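# Descriptive analysis of the structure
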Amino acid sequence: MIRLTVPSIDEHDLQAVREVLASGYLVQGAHVAEFERRVAEFVGTRHAVAVSNCTAALHLGLLALGIRPGDRVAVSTYSWPATANVIALCGAEAVFVDIDPHTYNMDPQLLEQVLQRTSIRAILPVDAFGGMADLSRICALADAHGIPVLEDAACALGASMGGRRAGAWGAAGCFSFHPRKAITTGEGGMITTNDAGIARAVRMLRNHGIDPDVTGTPDFISPGYNLRLTEFQAALGLTQMQKLERLIEARRLRAEIYDQLLEGTDVVPPRAVTGSRHVYQSYVALLPDRAAEGRARMIAELKQRGIETTIGTYHMPLTTYFRSVGSYAPGSFPVTDSVARRTISLPLFAGITREQQELVVASLRQLL
Ligand SMILES: *Cc1c(COP(=O)(O)O)cnc(C)c1O
């Protein structure tokens, strides 16, 4: 089976985890602090705060920005539903913004229209599949309206635009270390920010509301959650960080091979926003419209031939929950309507061979 993705775990990773497990110190401690320093340095922000997953990072990020019941948050339509769920979990309203059909990211022009007609408290763009949203335009619009940007960079560790890394654009950025992302800690997340107040609020909220600046006897200054990362996950994060650039380069090379193999077919390769570096957490291509109806059958057929593929991601406004609260219907977001029916995610990992990629594309062409 040519798997969709394979996490890169080697003896070096196993040894690091084994050592921490043997030490007996298992919850948030020195390894977590070191992992945070490493990620902050890599992304280029003053602070990074580790949490148990990216959903927690997004949720605590919104709370740290002061998002409260009744507020409206502008969010991309096309993402893993956690992106919009956290808005609802704050009691706020998700105001969806349709995407660009080539980058799958929030369309800044449509965002501008939303900002003109609605009172928005924060903007939550997604760097879809490791390709950066047009953060230079989105942040300019946010600045003009005096509102913060929380970047869902779950898939985009190492992506950049004009020399500035994903996670270093808005008020804060959120990363995931789920096994389908570039590097993994099993479950894991990180929030990056230059704002000491946001960093402090997230440190407090992830750890039972304890004042993070007080050592010794805990001072409980707020209700909080327990969304900490463990020491052995952080140890794994540190060894994974050492190979991040190598993994990204391998993925970019293999994405380029898919781009070439798809030339002359009517499958459209993904595109990066101009001037940005895509890290291809997934290689998500667009099938022709005539193939949309049979996509599920095609994915099943490919699986029978030993090739694991899947859809891109979810049309969030048309999920049962958001449809019920927003009374959305097909037609409300025409670009996402079309994209969501046609995307296919092809196998991509550092160790995939050229022959395997050729087989994937040849099989796809046959079935089309
Ligand atoms: C994976 C993902 C998340 C959720 O990350 P978890 O670490 O699994 O909570 C959120 N947003 C996007 C865009 C993702 O791809």
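Heads up: the structure comes first, above all this text.
Residues numbered from 1 in each chain as written. Predicted model: local features only at pLDDT ≥ 70, side-chain atom pairs only at ≥ 80, totals over all residues. Heavy atoms only, no water.

Along helix 12 (residues 334-342), the residues that are buried comprise Thr-336, Asp-337, Val-339, Ala-340 and Arg-342. Where helix 12 is buried, its residues touch strand 11 (283-286), helix 10 (295-304) and strand 12 (343-346). (Buried < 20%, exposed > 50% of the residue type's maximum accessible area, 1.4 Å probe, protein only. Helix = DSSP H or I, 4+ residues; strand = E, 2+ residues; numbered from the N terminus. Contact = heavy atoms within 4.5 Å.)

A cluster of nonpolar side chains, namely Leu-21, Leu-26 and Val-27, defines an oily patch on the protein surface of about 250 Å² accessible area. If you trace the backbone, Val-27 turns up in the loop between helix 1 (11-23) and helix 2 (30-43). When its relative accessible area of 54% is taken as the criterion, Val-27 is described as exposed. (Patch = residues over 30% accessible without salt bridge, like charges linked within 9 Å, V, L, I, M, F, W, Y side chains within 5 Å. Areas by Shrake-Rupley, 256 points an atom, 1.4 Å probe, with all protein chains shown as cover. Salt bridge = Lys/Arg side-chain N within 4 Å of Asp/Glu carboxyl O.)

Let's shift gears to the sheet that holds strand 4 (residues 122-124). Reading across the sheet, the three strands line up as 3-2-4 and stay open at both edges, with parallel pairing between neighbours. Strands with a single pairing partner mark the edges of an open sheet, and in this sheet they are strand 3 (93-97) and strand 4. When strand polarity is set aside, the average angle formed by the axes of neighbouring strands in this sheet is 30 degrees. The pairing of strand 2 (residues 72-76) with strand 4 spans three bridges and is parallel. Looking at strand 4, one finds that Ala-74 is bridged to Ile-123. (Pairing = 2+ DSSP bridges. Axes fitted to C-alpha atoms, helices over the stretch in contact; angles between N-to-C directions.)

Despite not being glycine, His-208 has its phi angle at roughly 65 degrees, a positive value. When its relative accessible area of 34% is taken as the criterion, His-208 is described as partly exposed. Even without a glycine there, the phi angle at Tyr-280 is positive, about 50 degrees. Structurally, the position occupied by Tyr-280 is in the loop between strand 10 (276-277) and strand 11. Using a relative accessible area of 9% as the deciding quantity, one classes Tyr-280 as buried.

The next point concerns the packing of helix 9 (residues 244-262) against helix 13 (residues 354-367). Two numbers describe how helix 9 lies on helix 13: the axes approach to 10 Å, and their chain directions differ by 35 degrees. Once helix 9 is placed against helix 13, the crossing between them reads as right-handed. Only Arg-354, Gln-357, Glu-358, Val-360, Val-361, Leu-364 and Arg-365 of helix 13 make contact with helix 9, whose side of the interface consists of Arg-254, Ile-257, Tyr-258, Gln-260, Leu-261 and Leu-262. For the contact of helix 9 with helix 13, the class distribution of residues is seven nonpolar, two polar and four charged. (Left-handed = near helix turned anticlockwise from the far one by under 90°. Nonpolar A, V, L, I, M, F, W, Y, C, P; charged D, E, K, R; others polar.)

Under the criterion given, the structure shown has twelve aromatic pairs. Aromatic pair Phe-35 and Phe-177: ring centres 5.2 Å apart, planes at 50 degrees, arrangement tilted. Of this pair, Phe-35 sits in helix 2 while Phe-177 is found in the loop between strand 8 (172-176) and strand 9 (189-193), placing the two residues 142 residues apart along the sequence. A centroid spacing of 4.9 Å and a plane angle of 35 degrees characterise the contact between Tyr-258 and Tyr-283, whose relative ring orientation is tilted. Remark: Tyr-283 occurs in strand 11 and Tyr-258 occurs in helix 9; sequence separation between them is 25 residues. Under the relative-accessibility criterion, Tyr-258 is labelled buried at 0%. Taken together, the ring pairs in this structure connect Phe-96, Tyr-321, Phe-322, Tyr-328 and Phe-333 into an aromatic cluster. Arg-164 extends its terminal NZ or CZ atom over the ring of Trp-169, reaching a point 4.3 Å from the ring centre. (Phe/Tyr/Trp six-rings, centres within 6.5 Å; stacked < 30°, edge-to-face > 60°. Lys NZ or Arg CZ within 6 Å of the ring centre and 35° of its normal.)

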